[in-house]
Amino acid sequence: MGKVHPQALASSTSCHFTSKQETFTLWMKSLVLNGKGCTVFDSNGQIAYRVDNYNSNHRDQVHLMDQRGNTLFTILKKQYKLSRFWEGYKLPATRNDQKGPCFRVGKTYSITKWDSSYEVELGLDKNQPYNYKIESSSCKPACKIFDNLGVIVAELRRKKSTCGIDLGDDVFTMVVEPNIDLSQIMGVVVAYSLIKSKM
């Protein structure tokens, strides 16, 4: 069986904005025993982000952390009437948080059978909202994230080994374009994965 990432693990830098296109490996496994979450490696094989909820029985709250274990976002499952969505709050948050969410991800429903679309609202904490859109196919474990101009800002696809073999259902490559807030886009991808029940 191939390795998820071939190099040794170490701390990576704490910069959260891209200056150039960057590639990450997402392994949909928690580093915590009996936890639910995922581990994100940068292109050097170093841990960049971790996601854990510390309690496999409590699936409506997870924590996005940097490589040192500092919480960047607490992501909570919410429901309003018939719609369900996930919201990301900066730093540790509770359900009664007064600051409000930084982002919200929810599924949009359409007549198209094979494609799924997800609406992403960003900047909610600054009252300057702007939107992303996530598009995925129900027959492929991949997605593309577009900004409000229709430009791809990130893409998630199944990771392959150097000889072209899939590394498994739980290993993905994520390509992020320049000038993107990495921690925020990671939060969005985590929320998307939770909606798709991949975590």
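Reading the values: the criteria
Residues numbered from 1 in each chain as written. Predicted model: local features only at pLDDT ≥ 70, side-chain atom pairs only at ≥ 80, totals over all residues. Heavy atoms only, no water. Helix = DSSP H or I, 4+ residues; strand = E, 2+ residues; numbered from the N terminus. Buried < 20%, exposed > 50% of the residue type's maximum accessible area, 1.4 Å probe, protein only. Contact = heavy atoms within 4.5 Å. Core = buried A, V, L, I, M, F, W, Y, C linked by side-chain atoms within 4.5 Å. Salt bridge = Lys/Arg side-chain N within 4 Å of Asp/Glu carboxyl O. pLDDT = per-residue confidence, 0-100. Expected span 1.5 Å × (residues − 1). Polar contact = N/O pair within 3.5 Å; in protein donor to acceptor, adjacent residues only side chain to side chain. Phe/Tyr/Trp six-rings, centres within 6.5 Å; stacked < 30°, edge-to-face > 60°.

Chemist: Hey, could you go over the overall build of the protein chain for me, with residue numbers and the actual values?
Modeler: Secondary structure summary: the protein chain contains one helix and 12 strands in total. Ordering the α and β elements of the protein chain from the N terminus gives β-β-β-β-β-β-β-β-β-β-β-β-α. For the protein chain, the residues scored as buried account for 46% of the 199 residues in total. Taking all contacts inside the protein chain whose residues are at least 6 apart in sequence as the whole, residues at least 24 apart take part in 37%.

Chemist: Describe the nonpolar core, with residues and values.
Modeler: In this structure, Leu 26, Ile 75, Phe 103, Ile 134, Ile 145, Met 174 and Ile 185 are the most contacted members of the largest nonpolar core, which totals 40 residues. Ranked by residue count, the leading element in this core is helix 1 (residues 182-195), at nine residues. For Ile 145, the residues in contact, after removing those within four places along its chain, are Tyr 132, Lys 133, Ile 134, Val 151, Ile 152, Val 153, Ala 154, Ile 185, Val 188 and Val 189.

Chemist: Talk me through unusual backbone geometry; I want residue IDs and the actual numbers.
Modeler: In the Ramachandran plot, Asn 179 falls in the positive-phi region, its phi being about 65° despite a non-glycine side chain. Relative to the assigned elements, Asn 179 resides in the loop between strand 12 (171-176) and helix 1. Under the relative-accessibility criterion, Asn 179 is labelled exposed at 63%.

Chemist: So, the pattern of salt bridges: which residues are in play, and what are the values?
Modeler: Enumeration over the complete set of coordinates arrives at six salt bridges. For Lys 78, the salt bridge is made with Glu 87, and the minimal N-O distance between the two is 3.1 Å. The salt bridge partner of Arg 104 is Glu 87, with a shortest N-O separation of 2.7 Å. One end of the pair, Arg 104, is in strand 7 (residues 103-108); the other, Glu 87, is in strand 6 (residues 83-90), with 17 residues separating them in the sequence. Exposure remark for Arg 104: the relative accessible area of 23% places this residue in the partly exposed category. By relative accessible area, Glu 87 is classed as buried at 5%.

Chemist: Summarise the confidence of the model for the protein chain; cite the residues concerned and give the values.
Modeler: With 77% of its residues at a pLDDT of at least 70, the protein chain reaches an overall mean of 79. Across residues 1-15, confidence stays below pLDDT 50; counting only partners more than four residues off in sequence or on other chains, it has 35 contacts.

Chemist: Before we move on, can you summarise the environment of Asn 127 with the specific residues and values?
Modeler: Inspection of the secondary structure puts Asn 127 in the loop between strand 8 (115-122) and strand 9 (130-137). It is 9.8 Å that separates the C-alpha atoms of Asn 127 and Gly 100, two residues lying 27 residues apart in sequence.

Chemist: Can you tell me about helix 1, naming the residues and giving the values?
Modeler: Each α-helix winds once per 3.6 residues, and so residues spaced three or four apart point in a common direction. Taking 1.5 Å per residue as the helical rise, helix 1 with its 14 residues ought to reach 20 Å, and the 20 Å between its terminal C-alpha atoms agrees with that figure. Extensive coverage of helix 1 is indicated by the burial of 13 of its 14 residues. Phi for Ser 197, located one or two positions after helix 1, is positive at around 60°.

Chemist: Lay out the side chain of Gln 61 in plain terms, naming residues and giving numbers.
Modeler: As for its position among the elements, Gln 61 is in strand 4 (residues 61-66). Here His 63 takes part through its side chain, which lies 3.5 Å from a polar atom of the side chain of Gln 61. Filtering out sequence-adjacent residues up to four positions away, Gln 61 remains in contact with Asn 53, Thr 74, Ile 75, Leu 76 and Trp 86.

Chemist: An account of the environment of Ser 30 is requested, with residue identities and associated values reported.
Modeler: Mapped onto the secondary structure, Ser 30 falls in the loop between strand 1 (22-27) and strand 2 (37-41). Residues Ser 30 and Val 51, spaced 21 residues apart in sequence, show a C-alpha to C-alpha distance of 6.8 Å.

Chemist: Requested: an account of the packing of aromatic side chains, with residues and values cited.
Modeler: How two aromatic rings sit relative to each other is set out by the distance from centre to centre and by the angle between their planes. Overall, the coordinates contain three aromatic pairs when judged by the stated rule. Taking 5.3 Å as the distance between ring centres and 70° as the angle between the ring planes, the aromatic pair formed by Phe 73 and Phe 103 counts as edge-to-face. Here Phe 73 is found in strand 5 (residues 71-80), whereas its partner Phe 103 is found in strand 7, with 30 residues between them in sequence. Summarising the aromatic geometry, the rings of Tyr 130 and Tyr 132 are spaced 6.1 Å apart at their centres and angled 75° between planes, so their arrangement reads as edge-to-face.

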